[in-house]
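# Chains, contacts and geometry: an overview
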Amino acid sequence: MSKRRKIMIIGISIIVALVLPVVLFMAFSPQFGGIASKESQAGYKQSSQFRNGKFANINDEKVNMSGDNFMAMIKEQFNMHPNARPKPAPELITMDSADIANYKGDTRLFWFGHSSFLIQTAGKNILIDPMLGQSASPVPLVGVKRFNAELPIDIEQLPKIDLILISHDHYDHLDYGSILKLKDKTDAFYTPLGVGSHLKEWGVDAKRITELDWWQETQVGNVVLACTPAQHFSGRGKWFSDQASTLWCSWVIKTPEKNLFFSGDSGYGKHFSSIGDKYGPFDLAMMECGQYNELWKEIHMMPEETIQAGKDVGAKLVMPIHWGGFRLAMHDWLDPITRASAKASEMQISLLTPKIGEGIVLNGDVPHTAHWWKQHESVKLVVND
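Notes on the structure in this doc start here. (Residues numbered from 1 in each chain as written. Predicted model: local features only at pLDDT ≥ 70, side-chain atom pairs only at ≥ 80, totals over all residues. Heavy atoms only, no water.)

## Some thoughts on the overall build of the chain
Rules: The secondary structure listing takes helices from DSSP runs of H or I that are at least 4 residues long and strands from runs of E that are at least 2 residues long, numbered from the N terminus. Only protein chains enter the accessibility calculation, which uses a 1.4 Å probe; a residue is then buried when its area is under 20% of its type maximum, exposed when over 50%, and partly exposed in between. Two residues form a contact once any of their heavy atoms are found within 4.5 Å. Only the protein chains shown count as covering a residue, and every accessible area follows the Shrake-Rupley method with a 1.4 Å probe.
Secondary structure assignment for the chain yields 10 helices and 16 strands. Relative to its full complement of 385 residues, the chain shows a buried share of 54%. Partitioning the contacts of the chain with sequence separation of at least 6, the portion at a separation of at least 24 is 70%. Surface exposure of the chain reaches about 17,800 Å², of which carbon and sulfur atoms provide 55%.

## Overview of helix α9 (residues 335-347)
As a reminder, the rule being used: A helix is expected to span 1.5 Å multiplied by its residue count minus one. Here the arc refers to the directions that run from the helix axis out to each C-beta atom.
The terminal C-alpha atoms of α9, which comprises 13 residues, lie 18 Å apart, in line with the 18 Å expected from a rise of 1.5 Å per residue. Among the residues making up α9, those that are buried are P336, I337, A340, S341 and A344. Seen along its axis, α9 keeps its buried residues to an arc of 115°; they face one direction. Residues of α9 that are exposed and angled more than 90 degrees away from the buried face: S345 and E346. For α9, the secondary structure elements touched by its buried residues are α8 (303-312), β14 (317-321) and β15 (350-351). Downstream of α9 by a residue or two, Q348 has a phi angle that is positive, lying close to 55°.

## What to know about the pairing of strand β13 (residues 284-288)
Operational definition: If the strands point away from the viewer and the path from the first strand over the helix to the second runs clockwise, then the crossover is right-handed. Strand pairing is assigned whenever DSSP identifies at least 2 bridges connecting the two strands.
Of all 5 residues that make up β13, 5 are buried, and the element is covered over most of its length. Alternating positions in β13 separate into two faces, L284, M286 and E288 on one and A285 and M287 on the other, with burial throughout. You can see the chain leave strand β12 (residues 259-262), run along helix α7 (residues 271-279) and come back into β13, and the turn it takes is right-handed. In this sheet, β14 lies alongside β13 in parallel orientation, the contact comprising 4 bridges. By the bridge assignment for β14, E288 is matched with I321.

## Re the packing of aromatic side chains
Put simply, the rule reads: Two aromatic rings from Phe, Tyr or Trp, using only the six-membered ring of Trp, form a pair when their centres are within 6.5 Å; if the ring planes differ by under 30 degrees the pair is stacked, by over 60 it is edge-to-face, and anything between is tilted. Only when the NZ of Lys or the CZ of Arg is both within 6 Å of the ring centre and within 35 degrees of the ring normal is a charge said to sit over the ring.
Summed over all chains, the structure comprises 14 aromatic pairs. On the basis of an interplanar angle of 65° and a centroid distance of 4.8 Å, the ring pair of F50 and F55 is categorised as edge-to-face. Among the aromatic residues, those joined into a cluster by ring pairs are W111, F147, W323, W333, W372 and W373. Lying over the aromatic face of Y103, R108 brings its terminal NZ or CZ to 3.7 Å of the ring centre.

## A closer look at the state of the cysteines
Quick note on the threshold: By disulfide we mean two sulfur atoms from cysteines, separated by a distance within 2.5 Å.
Here the structure, examined in full by the defined rule, presents 0 disulfides. C249 takes part in no disulfide bond, and the closest cysteine sulfur to it belongs to C227, at a distance of 3.7 Å.

## Describing empty space enclosed by the protein
Heads up, the condition is: A 1.4 Å probe that fits into a set of points on a 1 Å grid over the protein atoms alone but cannot get out defines a cavity; an open set with protein on both sides within 12 Å along at least five of seven lines defines a pocket, and lining residues are those with an atom within 4 Å of a point. Grid points are joined across faces, edges and corners, and a volume is the space filled by probe spheres set on the points.
This model, assessed by the stated rule, comprises 3 cavities of 30 Å³ or more. For the largest cavity, the calculated volume is near 60 Å³. Around the largest cavity sit A84, F147, Q291, W323, G324, F326, R327, L328, A329, H331, W333 and P336, which together line it. Taken as a whole, the second largest cavity holds about 40 Å³ of empty space. In terms of lining, the second largest cavity is formed by L92, F112, R146, F147, N148, E150, L151, P152, G324, G325 and I356.

## Notes on the environment of D172
Heads up, the condition is: Definition of a polar contact: a pair of N or O atoms within 3.5 Å, with one able to donate and the other able to accept a hydrogen when the atoms are protein atoms, and with sequence-neighbouring residues admitted only if both atoms are side-chain atoms.
With respect to the element layout, D172 can be found in the loop between β6 (161-165) and α5 (176-182). For D172, a relative accessible area of 9% puts it in the buried group. For the pair formed by D172 and P130, sequence separation is 42 residues and the distance between their alpha carbons is 9.0 Å. Setting aside residues no more than four positions away along its own chain, D172 makes contact with H114, M131, A136, D265, H322 and L328. A polar contact of 3.2 Å, which involves the side chain of D172, links it to the side chain of H173.

## Brief notes about the sheet that holds strand β5 (residues 124-128)
Taking strand neighbours across the sheet as the criterion, the 7 strands line up as β8-β7-β6-β5-β4-β3-β16 in an open arrangement whose pairing is mixed. Across the chains shown, the open sheet's two edge strands, defined by having one partner strand only, are β8 (209-212) and β16 (360-361). Sheet topology places strand β7 (residues 186-192) next to β8; 4 bridges connect them, and they run parallel. For T191, the partnering residue across the bridge sits in β8 and is E211.

So this is what it looks like as structure tokens:
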């Protein structure tokens, strides 16, 4: 055998050894979820958001991936801010499992950081985007890690969950490991079109899954749920063929006690005013505020836009979310709350800023929450000096 042939064989062997595990992982790992059946996909054609075999935003808004922008995005990945992760981790408050299980009071919410919530309202326990794992990635060992090594409460300690709302299928909102632990203690799951295929793949009974299109409503006891627009995208990265194969959304949660809005992930747009006109005003709007960049402003709001969007939907109280849990963009981790707080003060909009795990009761008065992140600003100054 010639020397050149031996080198070629060795080279091909090395490539196969490197590529084959990746291919096998992509093909067989359950993390990536499922694919909607042909019957379901045929039904999506009835949606005004489903065009040319894919879901799309209003006016087809999407990130500009042209040559210059694409190269700028690649470069930006290496432009890490020195304070992108907190040191030390954000303070959290341990949640009492017995208190949660026995609670019968006014509407109450707990923030787990990022965009995950437990809401107790109208006698029901509602989880929103329960990403309660440690890594927002299909490969936990090397993926983006949560700021806190622990959660305010373990999933196993949570009481029976009446319903789970999912806004879209990205890893920082829909977590395989969390769903496995939650599926047998949850009565019902509500998702935008297509996202149920992942849940089914992970063993959730199809009878417990309800998929909705934008502006569709459903009622669970005395709770009205409305699936409302967002300006984002979807896909869990399996061969990149699943991009925009499922819908993304925001949620309205209306009970006899309170009217709540959850933005999901979204760039700023006129859809917020439309939601406010149809379903507002809201007692509380949980509004995306974090993981942004001018290069992808179409799909994530800047903090100032977060506050404006809260005003657009008619919120009496705005809570910035999508920060405080993971580093998914290159900005200072305190930048979202610092800028949003300044804009809210300027616009005279009431802001809710609880600690992770802090129980906040919405009983008519504006809840008082401390500017707890200020202590991290002083720590940052000491470290930088």
